[in-house]
Each structure stands twice: as structure tokens, then as C-alpha cells.
Amino acid sequence: MVKVEIKTVKMGEIKLNPDNPRTISKKDMALLVKSLKDFPEMLEIREIVCDETMTVLGGNMRLQALKKAGAKECLAKIVSGLTDYQKREFVIKDNGSWGEWSMDDLANAWGDLPLVDWGVKL
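Anyway, here's the lowdown on the structure attached to this text. Remember, predicted model here, so these are calculated numbers, not experimental data.

The rules behind the values
Residues numbered from 1 in each chain as written. Predicted model: local features only at pLDDT ≥ 70, side-chain atom pairs only at ≥ 80, totals over all residues. Heavy atoms only, no water. Helix = DSSP H or I, 4+ residues; strand = E, 2+ residues; numbered from the N terminus. Pairing = 2+ DSSP bridges. Axes fitted to C-alpha atoms, helices over the stretch in contact; angles between N-to-C directions. Contact = heavy atoms within 4.5 Å. Buried < 20%, exposed > 50% of the residue type's maximum accessible area, 1.4 Å probe, protein only. Patch = residues over 30% accessible without salt bridge, like charges linked within 9 Å, V, L, I, M, F, W, Y side chains within 5 Å. Areas by Shrake-Rupley, 256 points an atom, 1.4 Å probe, with all protein chains shown as cover. Salt bridge = Lys/Arg side-chain N within 4 Å of Asp/Glu carboxyl O.

Although it is not a glycine, Met54 adopts a positive phi angle of roughly 70°. Assignment of secondary structure puts Met54 in the loop between strand E2 (48-51) and strand E3 (56-58).

Shown next as C-alpha cells:
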């Protein structure tokens, strides 16, 4: 049975997932750090997801960015009861790029916003 608990934890309690296959460039990491500083409320909406050992399943890059930004704690969603297979599946699916941007919609309805600063590759 899967159980989920959401709580604020100290940064030192969470472990980066050494098996996460995602990487991030220095430029994109700097943009992510800036993004988290500019909009810290986003982390209350999309917390770091960890397993019962406090190893990150979702949010490895965000955790690194928080550390670079000097955060002392963050909101974590702690999930227990997943199989090792389900944990690995989550890591991949959480990082998957399932869709594409509609450039017309972005230009017409979102063009007044700093999309590139927000990570949209135009």
C-alpha cells in the first residue's frame, strides 16, 4: 500500500538520486536557481518527491538548485510502499517530455511573458 506524507524537511535530510539519468547544463541550472528565487511559492505547489529513504524520485535538479540558492529546508512529498520497479518508473516518467509546445499558441496567448527565462526553448 502506497502512503504519502508531505512535510517540511531540512535540506540535509534529502539525498540526491545517484541513479537519476537526467543532467542539466550550468546555464540551465543558473536559470533554475533564478526561477526558484523569483517564484519560491512554486515549491509549495510542486514539492520534492522522495521515497521512504529520503532519496529523490522527482526533483533532483530542483534540489540541487535549492542548495545553490542557499535554502535550509524545503517541502517534501515522502512516498512509501513503492516497489523498486515503481520508483525507477517514476523517475523516468516524471522527467519525460510527453508533448510539444504549440508555437502559435505561445506567440498569440503567452508572448507577453518571459518564456525563455521560464525554460521554454523557442
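Turning our eyes to something else, we now look at the sheet that holds E2. One open sheet holds the four strands; their spatial order is E1-E4-E2-E3, and the pairing between them is mixed. Unpaired on one side and paired on the other, strand E1 (3-10) and E3 mark the two borders of the sheet. Adjacent strand axes in the sheet meet at a mean angle of 40° when their direction is disregarded. Lying on the sheet, helix H4 (residues 84-94) is in contact with E2 and E3; it crosses E3 at an angle near 45°.

The subject of this paragraph is the environment of Asp38. Inspection of the secondary structure puts Asp38 in helix H1 (residues 26-38). With a relative accessible area of 53%, Asp38 lands in the exposed category.

Nonpolar side chains collect at one region of the surface, where Trp101, Met103, Val116 and Leu122 lie side by side and expose about 460 Å² of accessible area between them. Inspection of the secondary structure puts Val116 in the segment after helix H5 (103-109).

What follows is about the pairing of strand E4 (residues 73-80). Of the pairings in the sheet, the one linking E1 to E4 comprises eight bridges and is antiparallel in character. Pairing of Lys10 across the sheet is with Glu73, part of E4. Where E2 lies against E4, four bridges are found, and the strand directions are parallel. If you follow Ile48 over to E4, its bridge partner there is Ala76.

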